[in-house]
Amino acid sequence: MTGERQDTIDLQDFLKMRGMVETGGEAKFRVQGGEVRLNGEIETRRRKKLRRGDIVEYAGQRVQVDF
């Protein structure tokens, strides 16, 4: 569907896109292992949909979702 803006991104894809992890496998391991926080809460669903403005924290990094 051309012309539509994507309003969400999966947590695992965001981690890869921002270089916070190197592979999808690592993203899965880190998220399901409880190492990632979303808006201050531990998030264990790797396909959790993120929206602009959400805050992702992992390995000492704190990144606002903006894509």
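Here we summarise the structure given alongside this text. (Residues numbered from 1 in each chain as written. Predicted model: local features only at pLDDT ≥ 70, side-chain atom pairs only at ≥ 80, totals over all residues. Heavy atoms only, no water.)

### Description of the side chain of Glu43
Its place among the elements puts Glu43 in the loop between β3 (41-42) and β4 (49-50). Given a relative accessible area of 9%, Glu43 falls into the buried group. Dropping the residues within four chain positions of it, Glu43 is found in contact with Leu11, Val31, Val36, Arg37, Leu38 and Lys48. (Helix = DSSP H or I, 4+ residues; strand = E, 2+ residues; numbered from the N terminus. Buried < 20%, exposed > 50% of the residue type's maximum accessible area, 1.4 Å probe, protein only. Contact = heavy atoms within 4.5 Å.)

### Overview of unusual backbone geometry
A positive phi angle, near 55 degrees, is found at Asn39, a position not held by glycine. Looking at where Asn39 falls in the secondary structure, it is placed in the loop between β2 (37-38) and β3. Of note, Ala59 is a non-glycine position whose phi angle comes to about 50 degrees, a positive value. Within the secondary structure, Ala59 sits in the loop between β5 (55-58) and β6 (61-64). The exposed category is assigned to Ala59, whose relative accessible area is 60%.

### Some points on the sheet that holds β6
Reading across from one edge, β3-β2-β5-β6 is the order of the four strands in this open sheet, with antiparallel pairing throughout. Either end of the sheet is taken by a strand with one partner, and the two such strands are β3 and β6. Looking at chain direction, β2 and β3 are connected through two bridges and run antiparallel. Bridge pairing in β3 places Leu38 opposite Glu41. (Pairing = 2+ DSSP bridges.)

### Considering the nonpolar core
Of all hydrophobic cores here, the largest spans 15 residues; its most connected members are Leu11, Phe14, Leu15, Met20, Val36, Leu50 and Val56. If you list the elements that add at least two residues to this core, you get α1 (11-17), α2 (24-32) and β5. The contacts of Val56, once residues within four sequence positions are left out, are Leu11, Phe14, Leu15, Met20, Val36, Arg37, Leu38, Leu50, Gln61, Arg62, Val63 and Val65. (Core = buried A, V, L, I, M, F, W, Y, C linked by side-chain atoms within 4.5 Å.)

### Remarks on the pairing of β5
Across two bridges, the pairing between β2 and β5 is antiparallel. Its bridge partner lying in β5, Arg37 is registered against Glu57. Of the pairings in the sheet, the one linking β5 to β6 comprises four bridges and is antiparallel in character. For Glu57, the partnering residue across the bridge sits in β6 and is Arg62. Taking the residues that link successive antiparallel strands as the turn, the β5-β6 hairpin has two residues, and the phi of Ala59 there is positive, at about 50 degrees.

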